Amino acid sequence: MGVNLCFWILGLYLALPLEGIYPPLCQTGYKITMIGSGCYDIDECGEDRHICGAWGTCHNMKGSYWCSCLQGFHQDGNISSKCVDVNECIGPGNKYPCGENGTCFNLEGSYRCHCTPGFTTYGNNQTKCQELNCDPYATQSTPEQTLPGFDSLLSLLRNNCLVLSNSSGLAGATEKTGEALLTVLANVTDVLQLQSNGQGGNSGKVTTLLRTVENSIRLIAPQLRENVSRINTSHTEVEVVVRRDRTPPRGPVRLTNENIQLDTTWETAIGDDTNYPGFGFAILLSYKSLQTLTNSSEQLSSRVVTVSVSNPNTTNLSEPIILTFNHLKSSDANTTCVYWSEDGEGAWSIQGCTSVMSNSTQTVCSCTHLSSFALLRGIQENKKCGQLPLVMWVGASVALACAVLSLLMTLWCRFISKKRNGGSQPEQHFKL
């Protein structure tokens, strides 16, 4: 009887469409439109298209709704509040996103960094201002350092560098500046390898080439707009991977071309997180014909490759990089991992590189620094053979010096003896 009475009272309320009587019977977010029809969900998104603000999208759900915001905006309160602009410039010294040498200006849904002269964002106005030194892009001063076509490339890079370092972060790189410069670098490197074919070894030119390419690619990589850029020409193959994140990326990095594979991590590529500029990159550049410029007595078993990353401190990496080389000839079983050292005019060196695995077709190298790398055939035997003549020359020189000294002593003793004998004979003759 009591239950039936409750239902009778409920029906009475639903049957009376009087204002102020039926709303309390529906939960928040629901309402009644017809007598006895019950409660149904209110579509807040349909009733008010701007309920989330101009920068938000409304999503209806049972009894409520929620707002999703465009990048650069957030909700000023709970999930149902309107989307408002995020002030990215609020931070330590009002310079958090732009670094110590930049000033942050908040924009609606974004921000912009202005750099002091000598610093740059590489055309991306939402990265920290980085110091930029244009001296490495000066043209080569001496004839023996001059490489065909590289003066024009260096002049182009220097102009680009000066524009970047004096643009206050407002300009300096068009949408395709990085891609255009990378293409020029690959073509100039192609021409040099082609013109040097069959000319024999020149360590000074190899050092100049590798240093110029590494400096050039470090300027070009931050200006690339694509996450992955690849160029494959007749004599040069290059792959560049770029990441742009608010926080330092993590995880493995693998770059591969026809003959070489690089394995490293973003932690190694970026280095110290406190100096993270808002981007990171890794580069693998392979020379298909560089062996024609190296010393003819050193037999390369692989292509030469330059490896570079955004980390400015690469002389002693916290974690070694791994390079997998394909042998130029399947019979090259006795190979050694080497890098190009700029000591003196330049030469291949084994310091900091070890062979992890080697067979007739591949060699895996582990290196604790970055530079340009390759495989040499029979370097250990060559070194032993090179040390033996040196020991023989030293031994022969010492023996010769001793022989000369002994001869001089013998002659001196004979001279003294004859002088004494010659002086005493007249006296003996007088006594007789």
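Refer to the structure presented above.
Everything quoted here is computed from the prediction, not taken from an experiment. (Residues numbered from 1 in each chain as written. Predicted model: local features only at pLDDT ≥ 70, side-chain atom pairs only at ≥ 80, totals over all residues. Heavy atoms only, no water.)

S.K.: Account for the overall build of the protein, naming residues and giving values.
M.R.: The number of helices and strands found in the protein is 7 helices and 22 strands. Looking at the 432 residues of the protein, the share that counts as buried comes to 40%. Pairs at least 24 residues apart make up 58% of the contacts formed inside the protein by residues separated by at least 6 positions. A total of about 24,100 Å² of accessible surface is found on the protein, and carbon and sulfur atoms cover 56% of it. (Helix = DSSP H or I, 4+ residues; strand = E, 2+ residues; numbered from the N terminus. Buried < 20%, exposed > 50% of the residue type's maximum accessible area, 1.4 Å probe, protein only. Contact = heavy atoms within 4.5 Å. Areas by Shrake-Rupley, 256 points an atom, 1.4 Å probe, with all protein chains shown as cover.)

S.K.: With reference to specific residues and values, describe the pairing of strand β14 (residues 260–265).
M.R.: Counting buried positions along β14 yields 5 of 6 residues, so the element is predominantly enclosed. Pairing analysis gives 5 bridges linking strand β13 (residues 252–256) to β14, with the strands arranged antiparallel. Within the sheet, the bridge partner assigned to Pro252 lies in β14 and is Thr265. As judged from the 4 bridges shared by β14 and strand β17 (residues 321–326), these two strands associate in the antiparallel manner. Within β17, the residue paired with Ile260 across the bridge is Phe325. (Pairing = 2+ DSSP bridges.)

S.K.: Account for the state of the cysteines, with residues named and values stated.
M.R.: The full count for this structure, using the stated rule, is 9 disulfides. Paired through a disulfide, Cys45 and Cys58 show a sulfur-sulfur distance of 1.8 Å. Taking the sign of the torsion about the S-S bond as the criterion, the disulfide between Cys45 and Cys58, at about -70°, is left-handed. Placement of the pair is Cys45 in helix α2 (residues 44–47) and Cys58 in strand β3 (residues 56–61), with a sequence separation of 13 residues. Classification of Cys58 as buried rests on a relative accessible area of 19%. A sulfur-sulfur distance of 2.0 Å marks the disulfide that ties Cys98 to Cys113. Across the S-S bond linking Cys98 and Cys113, the dihedral sits near -85°, which makes this disulfide left-handed. Of the two residues, Cys98 sits in the loop between β6 (83–85) and β7 (102–107) while Cys113 sits in strand β8 (residues 110–115), which places them 15 residues apart along the sequence. In terms of burial, Cys98 and Cys113 fall into one category: buried. (Disulfide = S-S within 2.5 Å.)

S.K.: Please provide a residue-by-residue account of the sheet that holds β14, values included.
M.R.: The strand order across the open sheet formed by 5 strands is β13-β14-β17-β21-β20, and the pairing between neighbours is antiparallel. Looking along the sheet, the strands with just one partner apiece sit at the ends: β13 and β20 (353–358). Strand-to-strand twist across the sheet, computed as the mean angle between neighbouring axes with direction ignored, equals 20°. (Axes fitted to C-alpha atoms, helices over the stretch in contact; angles between N-to-C directions.)

S.K.: Describe unusual backbone geometry, naming the residues involved and giving the relevant values.
M.R.: One non-glycine residue, Tyr122, lies in positive phi territory at about 55°. When you line up the elements, Tyr122 lands in the loop between β9 (119–120) and β10 (130–131). Judged by relative accessible area, which is 9%, Tyr122 ranks as buried.

S.K.: So what about helix α4 (residues 177–195)? Which residues, and what values?
M.R.: If you check α4, its first and last C-alpha atoms are 27 Å apart, about what 19 residues at 1.5 Å a residue would give, namely 27 Å. Among the residues of α4, those classed as buried are Thr177, Gly178, Glu179, Leu181, Leu182, Leu185, Ala186, Val188, Thr189, Asp190, Leu192 and Gln193. In this structure, the buried residues of α4 make contact with α3 (150–165), α5 (203–220), β11 (228–232), β12 (236–243) and β15 (280–287). (Expected span 1.5 Å × (residues − 1).)

S.K.: How would you summarise the pattern of salt bridges if you had to cite specific residues and measurements?
M.R.: One pass over the full model with this rule turns up 6 salt bridges. For Glu239, the salt bridge identified is with Arg230, shortest N-O distance 3.0 Å. Classification of Glu239 as buried rests on a relative accessible area of 6%. The partner of Asp245 in a salt bridge is Arg243, with the nearest N and O atoms 3.1 Å apart. (Salt bridge = Lys/Arg side-chain N within 4 Å of Asp/Glu carboxyl O.)

S.K.: Would you mind going over the sheet that holds β11 in detail, with residue names and values included?
M.R.: Taken together, the 7 strands give an open sheet; going across it, the order is β11-β12-β15-β16-β22-β18-β19, and neighbouring strands pair in antiparallel fashion. Each having just a single partner strand, β11 and β19 (347–349) make up the two edges of the open sheet. When the angles between neighbouring strand axes are averaged without regard to direction, this sheet yields 25°. Where α4 meets the sheet, its contacts fall on β11, β12 and β15, and the angle it forms with β12 comes to roughly 155°. Relative to strand β16 (residues 304–309), α5 is tilted by about 35°, and along the sheet it contacts β12, β15, β16, β18 (335–341) and β22 (372–377).

S.K.: How would you sum up the layout of surface pockets? Please name residues and give values.
M.R.: Taken as a whole, the largest pocket encloses approximately 1,200 Å³ of empty space. Arg218, Ser310, Asn311, Pro312 and Asn313 are the residues nearest the centre of the largest pocket, which is lined by 45 residues in total. For the lining of the largest pocket, the elements supplying multiple residues, two or more each, are β10, α5 and β18. Residue contributions to the lining of the largest pocket peak at 6 residues, all from α5. Taken as a whole, the second largest pocket encloses approximately 430 Å³ of empty space. What lines the second largest pocket is a set of 19 residues, among which Tyr111, Gln126, Asp245, Arg246 and Gly278 lie closest to the centre. Here the residues of the lining of the second largest pocket sort into 6 nonpolar, 7 polar and 6 charged. (1 Å grid on protein atoms, 1.4 Å probe; cavity = no way out; pocket = protein on both sides within 12 Å on 5 of 7 lines; lining within 4 Å. Points joined across faces, edges and corners; volume = space filled by probe spheres on them. Nonpolar A, V, L, I, M, F, W, Y, C, P; charged D, E, K, R; others polar.)

S.K.: For a nonpolar patch on the surface, give the residues involved together with the corresponding values.
M.R.: A grouping of Met61, Trp66 and Ile79 is seen on the molecular surface, where their side chains present a nonpolar patch of about 270 Å² in accessible area. Considering the arrangement of structural elements, one finds Trp66 in strand β4 (residues 64–69). (Patch = residues over 30% accessible without salt bridge, like charges linked within 9 Å, V, L, I, M, F, W, Y side chains within 5 Å.)

S.K.: Could you give me a rundown of α5, with the residues and numbers involved?
M.R.: The α-helix advances 3.6 residues per turn, and as a result positions three or four apart in sequence lie on the same side. Here α5 contains 18 residues, and its C-alpha end-to-end distance of 26 Å stays within 8% of the 26 Å for a straight helix at 1.5 Å per residue. Within the sequence span of α5, burial applies to Val206, Thr207, Thr208, Leu209, Leu210, Thr212, Val213, Ser216, Ile217, Leu219 and Ile220.

S.K.: Could you give an account of the packing of α4 against α5, with specific residues and numbers?
M.R.: The geometry of α4 relative to α5 is characterised by a closest axis approach of 10 Å and an angle of 170° between their N-to-C directions. Between α4 and α5, the angle is such that the two are roughly antiparallel. When you trace α4 past α5, the crossing you get is left-handed. Of the residues in α5, those in contact with Gly178, Leu181, Leu182, Leu185, Thr189 and Leu192 of α4 are Leu209, Val213, Ser216, Ile217 and Ile220. Of the residues that constitute the contact of α4 with α5, the class distribution is 8 nonpolar, 3 polar and no charged. (Parallel < 35°, antiparallel > 145°, perpendicular 65-115°, else oblique. Left-handed = near helix turned anticlockwise from the far one by under 90°.)

Limitation: the analysis is restricted to geometry and does not speak to function.
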